[in-house]
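Single-letter residue listing:
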Amino acid sequence: MWCGRVALRVALQRIAVVPLNSLSITGGLPGAVQREMSSLPRVYITRQIPPEGLKILSESGQVQFDLWDSDDVPVPRKELLQKVKGVDALVCVLTEKIDAELLDAAGPNLKVLSTMSVGFDHLSLEELKKRGIRVGYTPDVLTDSVAELTVALLLTTSRRLIEATHEAKTGGWGTWRTLWLCGYELANSTVGILGLGRIGVAIAERLKPFKVKKFIYTDVAPRPELASLIDAEYVSMDELASQSDFLTVCCALTPETKDICNKDLFSKMKNTSIFINTSRGGVVDQEDLYEALSSGQIAGAGLDVTVPEPLPTSHPLFTLNNCVILPHIASASYSTRNAMSALAANNLLLGLKGQPMIKELKL
């Protein structure tokens, strides 16, 4: 699997492009060239995406584009609705809600949408399908990064590293104590995976050297080919909850999985178990999670995703020592974000040419 992911990253850089000066700058060009450029498909990019993707679009000679030139603040909705008017294609990230209102504002010219994300719960798929708009997305290239972060979050939570750092900084580090800051180790444990896909497999591959005793998983149906890669056993949802020492959530957010991690699930988990979510915040009922953590029903939780994002600093989960919350950084490595950007750009260019995208959602 590793070889396949590396090959995809390399392939992204080999898509044929025609070098051309940046299409966002036309000053000083001959009139004929400006007219030719003005006839190119118009693209709007909703964020200052990493440089590899912008370079591919600039050098392709196939599009003219405008972008919201900030990575710190999302484009205001009012401005976004203005900027998409009449565009042929759109590059977005997961902070932009692509719904009927936006698609109506864009108009009939919009034929291709490319999202720089593996998740697509920010897209109104039915509206896109109804309008015949093709959709590209960016799976696979972020598998390694997300798996690494998931393992890091699991260890940080189970071994209470945030608490330990705080104690060391604030004078709580006194004499050696037999059970002070004790946590839970992976050796001889059972790790449960909710939603076994590429990322779930990659997480298990990284956890296996920690001498995990058993991997179990649940999904809408058994996935024997993937399960065989990590020697994982298919179980029911109830069995996943009751058997797991560590439960990591890797499923997509769908109407069926919304709030699937709720009071019913937590009530069946061990009081020594650790819950990890790096998928989507919407799969967890956060009120139920707070109750499970504050009452001692489960030992700890690590979250990279929440509802909403950002999670208000006044949220009760932030008051708990046994809850580690990260600001949705699972794919935040330089190589992964550039690879996502490149894939999003290439998906868009191929879609505009009517060719198969590298990664396309089948609507």
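Definitions and cut-offs
Residues numbered from 1 in each chain as written. Predicted model: local features only at pLDDT ≥ 70, side-chain atom pairs only at ≥ 80, totals over all residues. Heavy atoms only, no water. UniProt positions renumbered as here; feature names shortened; annotations may be inferred. Buried < 20%, exposed > 50% of the residue type's maximum accessible area, 1.4 Å probe, protein only. Helix = DSSP H or I, 4+ residues; strand = E, 2+ residues; numbered from the N terminus. Pairing = 2+ DSSP bridges. Right-handed = clockwise from strand over helix to strand, strands pointing away. Axes fitted to C-alpha atoms, helices over the stretch in contact; angles between N-to-C directions. Parallel < 35°, antiparallel > 145°, perpendicular 65-115°, else oblique. Left-handed = near helix turned anticlockwise from the far one by under 90°. Contact = heavy atoms within 4.5 Å. Phe/Tyr/Trp six-rings, centres within 6.5 Å; stacked < 30°, edge-to-face > 60°. Lys NZ or Arg CZ within 6 Å of the ring centre and 35° of its normal. Arc of directions from axis to C-beta.

The name that an unreviewed UniProt entry assigns to the protein is Glyoxylate reductase/hydroxypyruvate reductase, with the source organism given as Oncorhynchus mykiss. Under the UniProt heading Sequence similarities (unreviewed entry), the entry covering the protein gives this text: "Belongs to the D-isomer specific 2-hydroxyacid dehydrogenase family."

S.K.: Before we go on, may I ask you to explain helix H3 (residues 51-60) in this structure?
M.R.: Looking at H3, one finds that the buried residues are Gly53, Leu54, Ile56, Leu57, Ser58 and Ser60. Two residues or fewer past H3, glycine 61 is found with a positive phi of approximately 70°.

S.K.: Looking at this model, I keep getting lost on the pairing of strand S7 (residues 214-218). Mind explaining?
M.R.: One face of the sheet, then the other: side chains in a regular strand alternate in exactly this way. Burial runs high along S7: four of the five residues are buried. The pairing of strand S6 (residues 190-194) with S7 spans five bridges and is classified as parallel. In the sheet register, leucine 194 faces S7, and the bridge partner there is threonine 218. The β-α-β motif built from S6, the intervening helix H9 (residues 198-207) and the parallel element S7 has right-handed crossover chirality. In the sheet, S7 pairs with strand S8 (residues 232-234) via three bridges, with the strands oriented parallel. Its bridge partner lying in S8, phenylalanine 215 is registered against alanine 232. Taken together, S7, helix H10 (residues 224-230) and S8 constitute a β-α-β crossover, and its handedness is right-handed.

S.K.: Explain the packing of helix H7 (residues 143-158) against H9 to me, please; I cannot follow it from the model alone.
M.R.: The packing of two helices is summarised by the inter-axis angle and the distance between the axes. Two elements in contact, H7 and H9, have axes separated by 9 Å at closest approach and are oriented at 55°. In terms of axis orientation, H7 runs oblique to H9. The handedness of the crossing between H7 and H9 comes out as right-handed. Between H7 and H9, the contacting residues are Thr143, Asp144, Val146, Ala147, Glu148, Thr150, Val151 and Leu154 on the first element and Arg198, Ile199, Ala202, Ile203, Arg206 and Leu207 on the second.

S.K.: Is there a simple way to think about the packing of aromatic side chains in this case?
M.R.: In this description, a pair of aromatic rings is defined by centroid distance and the angle of the planes. This structure, assessed with the given rule, holds three aromatic pairs. Considering the side-chain rings of phenylalanine 120 and tyrosine 137, the 6.1 Å spacing of their centres and the 85° angle between planes classify their relative orientation as edge-to-face. Highlighted residues: phenylalanine 120 in the loop between strand S4 (112-115) and helix H6 (125-130) and tyrosine 137 in the loop between strand S5 (134-136) and H7, separated in sequence by 17 residues. Owing to a relative accessible area of 27%, phenylalanine 120 belongs among the partly exposed residues under this scheme. Just above the ring of tryptophan 180 sits the side chain of arginine 177; from NZ or CZ to the centre is 4.2 Å.

S.K.: For this particular structure, what's the right way to read helix H13 (residues 286-294)?
M.R.: In an α-helix, one full turn covers 3.6 residues, which means residues spaced three or four apart are oriented alike. Gln286, Leu289, Ala292 and Leu293 are the residues of H13 that are buried. Along the long axis of H13, the arc covered by the buried residues comes to 115°, so they all point the same way. Of the surrounding secondary structure, the elements contacted by the buried residues of H13 are helix H12 (263-268), strand S10 (274-277), strand S11 (300-303) and strand S12 (323-325). Positive backbone phi, approximately 85°, marks glycine 296, located one or two places after H13.

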